[in-house]
Amino acid sequence: MLNCGNDTGNDTGNDTTIMDYYMARKSSVTIQDVAREAGVSVSTVSRVLNEKVDVAENTRQHVLTIINELGYISDLAARSMRSTRNNLIGLVVPDIGFPYSIEIMKGINRAIAETSFDLLLYTTGDIQKSGTAYHEQHYVSLLSNSITDGVIIVASATANFITNAPIIAVDPHHIDPEYPSVQGTNYHGAVAAMEYLVELGHKRIAFIGGRPEIGSAGRREKGFRDYLKNAGIKLDEALMLPGDFTTPTGYERALTLLNLENPPTAIFAANDQSALGVYQAANEMGVHIPEDLSVIGFDNISEAEFFGLTTIDQNLAEMGYIATRMLIKLINNEPVAVKTHKMPTKLIIRNSCLEVKEV
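Since the structure is predicted, the reported quantities are computational estimates derived from the model, not experimental observations. (Residues numbered from 1 in each chain as written. Predicted model: local features only at pLDDT ≥ 70, side-chain atom pairs only at ≥ 80, totals over all residues. Heavy atoms only, no water.)

## Looking at unusual backbone geometry
Along the chain, Ile289 connects to Pro290 via a cis peptide bond; the corresponding omega equals 10 degrees. Note that Pro290 resides in the loop between α11 (272-285) and β9 (294-299). Of note in the backbone geometry, Asn87 takes a positive phi value of approximately 50 degrees without being a glycine. Note on placement: Asn87 falls in the loop between α5 (75-82) and β1 (88-93). (Helix = DSSP H or I, 4+ residues; strand = E, 2+ residues; numbered from the N terminus.)

The following block contains the structure:
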């Protein structure tokens, strides 16, 4: 295997507990923060919290909105929350119908079934919806204010949350968020995919990327580029197309690639959903997979097995399971070994790739 570097391994260091981690966070919201954001005095915020009647209704509503947005919890409420358990975990998911989300929820459900906790789910309803960071903060504020004991966020877009409750993310957009997370070794997985294609004799390999704002997409693209460079294979930028992790975009990008004067012999799609779009385009153009075109994906969702898609498995279900177990430890004030748990990736060979044809 060519040495292309690797994803950072499991973080090491002292064990982390809920009190150590969250009490040390600089982001804890104070009553002064609320007053400053709302443009009122501290005494006005205090009077709103104590439900005094001498505060104008529009001012009261404005202050309550700021309190909700910032996730502020009064000292009295915080002490009450620490002494009260609801045995309820919150889950924030971008789209419960997306195969990626479904796989992660399978693992979360398995972990919940092993405990006395229940699960409360919030979703933005669309993985492409704008303003995701705002919605995440809003949901975290709702769920952590005495409703749940902790929150799991899938594919979190926010680097830091304003809350005193324990939070953990599965596959966050940011590689190094300020809260605990479970992440795949995306760079290593991309290198493994490229190594396999090159071993089959492919040199003209196209790449359909993911959403540029997501850290995992960047790591997969970097793995693709680095492997070609280290293998001495010249990168053709015409074969590098941006994507968004969806099947329709994968389809459109594949049509562009397959209509090139010198099309690729293989396509590496940044996720399985994009790879399924490649299948659609190839079928429409009469291109046979794998006889005419090799295709490899990333994630190993259920549909990948049905299509016989060779892919990189990052064990999404296990990521959800581990994240839930870590969160429960934090809720119970038990130590967790690492802040960031790295899930190893694995190449799953099926029947969507063949050795390149001799010309």
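Resuming the write-up.
## With respect to the sheet that holds strand β3 (residues 150-154)
Ordered in space as β2-β1-β3-β4-β5-β11, the six strands form an open sheet in which the pairing is parallel. A single partner strand is all that each edge strand has here, and the edge strands are β2 (118-123) and β11 (340-343). Pairs of neighbouring strands in the sheet enclose a mean axial angle of 20 degrees, with direction left out of account. One ladder, built from two bridges, connects strand β4 (residues 167-170) with strand β5 (residues 181-184); its direction is parallel. Note that in β5 the partner of Val170 across the bridge is Val182. (Pairing = 2+ DSSP bridges. Axes fitted to C-alpha atoms, helices over the stretch in contact; angles between N-to-C directions.)

## Focus: helix α3 (residues 42-49)
Buried within α3 we find Thr44, Val45 and Val48. Taken end-on, α3 shows its buried residues confined to a sector of 100 degrees, consistent with a single buried face. Close packing links the buried residues of α3 with α2 (31-38) and α4 (57-70). Backbone geometry just after α3 places Glu51 at a positive phi near 60 degrees. (Buried < 20%, exposed > 50% of the residue type's maximum accessible area, 1.4 Å probe, protein only. Arc of directions from axis to C-beta. Contact = heavy atoms within 4.5 Å.)

## Details of the packing of aromatic side chains
Counted according to the given criterion, the structure contains four aromatic pairs. When the ring of Tyr279 is compared with that of Phe307, the centres are 5.3 Å apart and the planes differ by 65 degrees; the resulting orientation is edge-to-face. Remark: Phe307 occurs in helix α12 (residues 302-307) and Tyr279 occurs in helix α11; sequence separation between them is 28 residues. According to the relative accessible area criterion, Phe307 is partly exposed, its value standing at 37%. Grouped by ring-pair contacts, the aromatic residues Phe207, Phe224 and Phe268 constitute a single cluster. The ring of Tyr321 has Arg110 sitting right over it, with the charged end atom 3.9 Å from the ring centre. The ring of Phe298 has Arg220 sitting right over it, with the charged end atom 3.9 Å from the ring centre. (Phe/Tyr/Trp six-rings, centres within 6.5 Å; stacked < 30°, edge-to-face > 60°. Lys NZ or Arg CZ within 6 Å of the ring centre and 35° of its normal.)

## Some remarks on the sheet that holds strand β6 (residues 205-208)
Read across the sheet, six strands follow the order β7-β6-β8-β9-β10-β12 without closing on themselves; strand pairing throughout is mixed. Both outer strands of the open sheet, β7 (240-241) and β12 (346-348), are each paired with one neighbouring strand and no more. Sheet analysis places β6 next to strand β8 (residues 266-269), joined by four bridges and oriented parallel. Each residue of the ladder has a partner; that of Ile205, found in β8, is Ala266. Together, β6, β8, β9 and β10 (310-313) form the strand contacts of α11, whose direction differs from that of β9 by roughly 155 degrees.

## Digging into the pattern of salt bridges
Here the structure, examined in full by the defined rule, presents 11 salt bridges. Between Arg110 and Glu318 there is a salt bridge, and its shortest N-O distance comes to 2.8 Å. Linking Arg110 in helix α6 (residues 99-113) with Glu318 in helix α13 (residues 316-331), this pair joins segments that are 208 residues apart in sequence. Owing to a relative accessible area of 25%, Glu318 belongs among the partly exposed residues under this scheme. (Salt bridge = Lys/Arg side-chain N within 4 Å of Asp/Glu carboxyl O.)

## Some thoughts on the nonpolar core
In this structure, Ile89 and Ile152 are the most contacted members of the largest nonpolar core, which totals 27 residues. Looking at this core, the elements with two or more residues in it are β1, α6, β3, β4 and α13. Looking at this core, the element that brings in the most residues is α13, giving nine residues. Those residues in contact with Ile152 that lie beyond four places of it in its chain are Ile89, Gly90, Leu91, Val92, Ile108, Ile168, Val170, Thr324 and Leu327. (Core = buried A, V, L, I, M, F, W, Y, C linked by side-chain atoms within 4.5 Å.)

## A word on the confidence of the model for the chain
When pLDDT drops low, the exact placement of atoms in the prediction is not to be read closely. Predicted confidence across the chain gives a mean pLDDT of 86, with 84% of residues reaching 70 or more. Overall, residues 8-14 carries pLDDT values under 50, and its contacts beyond four positions in sequence, including any with other chains, amount to 11 contacts. Across residues 22-27, where pLDDT falls below 50, the model places 14 contacts with residues more than four positions away in sequence or in other chains. (pLDDT = per-residue confidence, 0-100.)

## Regarding the environment of Val48
Summarising the element assignment, Val48 is placed in helix α3. Each C-alpha atom of the pair Val48 and Leu64 lies 7.7 Å from the other, and the pair is 16 residues apart in sequence.

## With respect to the packing of helix α10 (residues 247-258) against α11
Across the interface, α10 lies against α11 with an axial gap of 7 Å and an inter-helix angle of 50 degrees. What the angle tells us is that α10 and α11 run oblique. As α10 packs across α11, the resulting crossing turns out to be right-handed. Residues Thr247, Gly250, Tyr251, Ala254, Leu255 and Leu258 of α10 lie in contact with α11, whose contacting residues are Gln273, Ser274, Leu276, Gly277, Val278, Gln280, Ala281, Ala282, Glu284 and Met285. Residues belonging to the contact of α10 with α11 are distributed by class as follows: nine nonpolar, six polar and one charged. (Parallel < 35°, antiparallel > 145°, perpendicular 65-115°, else oblique. Left-handed = near helix turned anticlockwise from the far one by under 90°. Nonpolar A, V, L, I, M, F, W, Y, C, P; charged D, E, K, R; others polar.)

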